[in-house]
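# Structural overview for review
Given next are the chains, with one letter for each unit.
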Amino acid sequence: MILDLAELPDGQNLEADLCIIGAGAAGITLAMQFIDKGLDVLLVESGGLAYEADTQAMYAGNVTRPDLHAATDRFRRRQFGGSTVLWGGRCMPLDAIDFEARSYVPLSGWPFSLDELLPFYREANRICEAGAYAYTIDEAFDRPMKPMVDGFNGSAYSTDSLERFSKPTNFAACYGAALRAANIRVLLHATATQFRFDDSGQVVTGVKLRSLGGKTADVKAKSFVLATGGLEVPRLLLANRDVHPNGIGNQHGVVGKYYMCHIGGTLSGIKINRSVSVWHDYDIADDDTYCRRRFALLPDMQRKHGTGNFVGRLHHPSIADPAHRSAILSLVFLGSRLLPWEYRTRAFDAISLGDYGRHVLNLVSEPFNAARFAVRMIKGRFLASRKIPSLVVAPKSNEFSLDFHAEQIPNAESRVTLDEGNVDAFGTPRITVDWRYSPQDVETVKTAIALLAEDLKQSGVGTFEYDPETVEQEMIRYGAYGGHHIGAARMGDDPRTSVVDADCKVHGIQNLYISSAAVFPTSSQANPTLTIVALALRLAKHLGGTLRSKAQAS
Ligand SMILES: Cc1cc2nc3c(=O)[nH]c(=O)nc-3n(C[C@H](O)[C@H](O)[C@H](O)COP(=O)(O)OP(=O)(O)OC[C@H]3O[C@@H](n4cnc5c(N)ncnc54)[C@H](O)[C@@H]3O)c2cc1C
């Protein structure tokens, strides 16, 4: 059932077995697991069913280096469905190496291995509508597939792993009806502000909810889950200082520290020999899911060279530069204003008036190509329920850029703190994001790119000519990869270096859990949502068990 705090009488006292705070990918996944399970679950959400500017404004904050990190109210959405109303849907599990303690990656090592998450990943794939759990070309296709680059025989890279794409699933649109019909209460316009504790300070007894219209409610529950997204989790923990003077779970100052995004950039200079056939477009699996291959740096190479995880995709030349002479790319450039801000920033640089003219010339030189493309995009992107994930254009000559996505190493200097004195409508301090990358991040990208250049050359399929001095500049050209807010309440066994334990329970608090990318101890190369959903499923299993034991004991 869906309720609205703004429409309830003021001062309600609500009770539940489990209170989940935040209805995005994590919160909705968790809540869905308790349908008809005999437990009383309340899912509270700060936003309403649609975008509202005053609610979104609660996400506004301060960014220390605006050239390196997007404003804090960008790349996330404060409404039912959370940021899944905006996401691109790229899905892939973490690799086995991401869970390992690696001597060259400080504070690496998850408290469990990939095997522990595998069953949950399979179900997460279904929830994200990403088709079968098949992440290599052989698993996903039972017919022979064209090689990505014919004759490529890398010693550092493989080209057979896949990324799969969600529709992309808007969790509110997809699961809202089931929640509405179920025995779960969803409470909209209910912002969690303040936690209450028992005398020991180790048990959360309640949370205060507030609506922008001035309504309040109190929730009492046996357990609470914070599923408010990777930046709002540390904010709420740090801002609750009544009982825990440093913030909840922050006795060792770890909350907000080690904040990671991914390192993403585009480097041009790949020339594949004209005689070599290249397939860098989507493969469509039997279940209609779009899949795409990429160059993936092999785990042994990461270990040998001490790099983080890294993948790269063959990519079209810069859209903004009319030298590509492609009518399609020029059409996309000229129409880019129609795209949401989050999708515009990375691909489209500002250009001169003369370049606009050259784009128009490109367009009129191949009007039929441009028109065919426009029809395909309107059908495949705007009208289809499973959308073409992105633009893939075969370049005129076999000249590509590399669109790369790399792991960021945990770094204590990269952090989320409170911007004291700068508060939102409920008096909660806003955040300051001080995202930093380290020399080791630069080395990961430099080494990985050099190894790819060597693999292309050794295979005899082409060359990758670039200036190594420009790599750092290109990897931060658009700043931290947007929307991936990782590590600011990390998981681990040692409370001195982590915030939650292996069950995602806050150290030192008996009944407060976190479901978010904030708990990832390391960031992998993989986009985070599939893992967020898998961890939410694992947490639901754990909570189901503990809440039923509590019910039997009482
Ligand atoms: C443009 C864009 C593209 C993306 N593309 C991809 C992609 O291709 N692949 C991928 O894996 N990921 C992608 N992401 C990231 C993905 O959207 C997030 O990883 C995912 O949505 C995070 O889920 P979450 O539940 O942790 O947080 P969210 O989905 O952000 O949900 C958090 C919820 O908590 C609510 N909330 C916040 N504070 C409070 C409070 N105090 N009280 C009550 N409720 C509160 C919010 O309103 C929101 O509904 C993208 C993101 C963006 C913005």
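The following refers to the structure shown.

### Concerning the site of the ligand
- Looking at the ligand, there are 38 residues lining it, with G22, G24, G82, G483 and T529 nearest.
- Contributing elements (two or more residues each) for the shell around the ligand: helix 1 (25–32), strand 9 (191–197), helix 6 (232–239) and helix 14 (529–553).
- For the shell around the ligand, the element with the most residues is helix 1, which contributes three residues.

### Some points on the environment of G487
- Within the secondary structure, G487 is located in the loop between helix 13 (471–475) and strand 21 (512–514).
- For the pair G487 and R344, spaced 143 residues apart in sequence, the C-alpha separation works out to 26 Å.
- Filtering out sequence-adjacent residues up to four positions away, G487 remains in contact with Y258, Y259, M260, P410, A518, F520, P521 and S523.

### Observations regarding the environment of H305
- Along the chain, the position of H305 falls in helix 7 (residues 299–305).
- Residue classification places H305 among the partly exposed positions, given that 16 C-beta atoms sit within 10 Å.
- Distance from H305 to Y104, taken between C-alpha atoms, is 9.3 Å for residues 201 residues apart in sequence.

### Notes on the sheet that holds strand 14 (residues 290–293)
- Read across the sheet, four strands follow the order 5-7-14-13 without closing on themselves; strand pairing throughout is antiparallel. Each edge of the open sheet carries a strand with a single partner, namely strand 5 (90–91) and strand 13 (283–284).
- With two bridges joining them, strand 13 and strand 14 adopt antiparallel strand pairing. Bridging across to strand 14, I284 finds its partner in Y290.

### Things to note about helix 11 (residues 367–383)
- Between its terminal C-alpha atoms helix 11 stretches 23 Å, which fits the 24 Å expected from 17 residues at 1.5 Å a residue.
- Among the 17 residues in helix 11, one count as buried, and that is only a small part of the element.

Definitions and cut-offs
Residues numbered from 1 in each chain as written. Predicted model: local features only at pLDDT ≥ 70, side-chain atom pairs only at ≥ 80, totals over all residues. Near = placed C-beta within 6 Å. Helix = DSSP H or I, 4+ residues; strand = E, 2+ residues; numbered from the N terminus. Contact = placed C-beta atoms within 7 Å. Buried ≥ 20, exposed ≤ 12 C-beta atoms within 10 Å, placed from the backbone. Pairing = 2+ DSSP bridges. Expected span 1.5 Å × (residues − 1).

Honestly, that's just the spatial picture; any functional story needs more than this.
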